[in-house]
Amino acid sequence: MSVDTDDWFYLLRVYDTPLVGDIGRSGANPLLDDYLANTLLPALDRLGCGPTGVFVTWVGQESLTRRVVITGGPDLALLADLDHHLDLDDSYRSAADPFVNADNDRPPFGRIHSTLLRAMPSLARLHTRPDLVGNPNRLFELRRYYSPTLGSHERKVEMFVEGEADILDRTGLTGVMYASDLVGSDLPCLTYLWCYEDLATREAGEARWFANPEAHEFFSRDRYKNTRSTISNEILKPLPYSQV
């Protein structure tokens with residue numbers, strides 16, 4: 001788990017894929033994947049962003065079609081105005097033309113949903129669990145906690161920083177990114193990723209979590225009582241060109 005306390009930010013983009021025609025039905029989108037793999041990721045590297053994860057939703061909304069892209073860096077202004085900075089790159093602008101100016105009748109995506117996030121201090125930044133690097137079957141779980149009030153959200157972030165993330169790691173639910181949403185829909189919200197070998201590993205870890213007396217003691221503290229959230233989660237599979 002990283003203990004770097006410097007500011008770090010993420011841009012999370014979800015490309016919804018049109019559910020019509022050959023692209024949507026097959027779950028493949030050659031133009032979008034070519035753009036992400038061969039144009040966007042190299043340009044992000046040149047801007048000093050990354051590593052960048054690119055995932056397909058394996059279990060969840062628009063399974064096997066939508067693309068989830070997460071990149072990070074220390075420069076919030078760059079991430080907030082990323083398209084402008086990309087457009088200043090001549091190599092990017094030339095390579096991106098087929099994607100940017102695609103046929104209006106066959107767009108490479110439906111909508112783009114973007115979220116800006118701040119990494120939680122002292123917790124893991126986006127990475128692949130070291131023992132799973134290169135494992136093509138590794139899975140990630142994108143989890144979002146929607147809090148009913150700003151105060152509840154602040155306490156929930158505090159819980160992760162002060163011990164919840166560490167307890168989860170020790171039960172096998174390994175967090176590989178923790179962040180608080182700054183700009184996006186459905187705020188206040190926090191977002192984090194687990195990484196594991198397979199769904200059986202995930203289920204075993206969750207069973208250990210619910211049986212863990214340390215977790216029960218932590219959640220029973222007066223400070224954290226009634227810190228409830230609505231949770232959503234999606235199982236993500238990294239695409240072959242993902243850097244995470």
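What counts and how
Residues numbered from 1 in each chain as written. Predicted model: local features only at pLDDT ≥ 70, side-chain atom pairs only at ≥ 80, totals over all residues. Heavy atoms only, no water. Helix = DSSP H or I, 4+ residues; strand = E, 2+ residues; numbered from the N terminus. Rg over C-alpha atoms; globule rule 2.2 N^0.38 Å. Buried < 20%, exposed > 50% of the residue type's maximum accessible area, 1.4 Å probe, protein only. Contact = heavy atoms within 4.5 Å. Areas by Shrake-Rupley, 256 points an atom, 1.4 Å probe, with all protein chains shown as cover. 1 Å grid on protein atoms, 1.4 Å probe; cavity = no way out; pocket = protein on both sides within 12 Å on 5 of 7 lines; lining within 4 Å. Points joined across faces, edges and corners; volume = space filled by probe spheres on them. Nonpolar A, V, L, I, M, F, W, Y, C, P; charged D, E, K, R; others polar.

Undergrad: Looking at this structure, I do not really get the overall build of the protein chain. What am I missing?
TA: Along its length, the protein chain carries 8 helices and 8 strands. The C-alpha atoms of the protein chain give a radius of gyration of 19 Å, which matches the 18 Å a tight globule of 244 residues would have. Dimensions along the principal axes, computed over C-alpha positions, put the protein chain at roughly 55 × 35 × 35 Å. Relative to its 244 residues, the protein chain shows a buried fraction of 50%. By sequence separation, contacts in the protein chain at least 24 residues apart represent 80% of the contacts at least 6 residues apart. Accessible area for the protein chain stands at about 11,700 Å²; split by element, carbon and sulfur atoms hold 52% of it.

Undergrad: Sorry if this is basic, but what is going on with empty space enclosed by the protein here?
TA: Which parts of space are left empty comes out when a probe the size of a water molecule is rolled across the atoms. In this structure the tally under the stated criterion is 1 cavity of 30 Å³ or more. By volume, the largest cavity amounts to about 50 Å³. Lining the largest cavity are Leu11, Arg13, Tyr15, Leu40, Leu44, Val69, Thr71 and Leu82. The set of elements that each furnish at least two residues to the lining of the largest cavity consists of β1 (9-15), α2 (30-47) and β3 (67-73). No other element matches the 3 residues that β1 contributes to the lining of the largest cavity. Considering only residue class, the lining of the largest cavity consists of 6 nonpolar, 1 polar and 1 charged.

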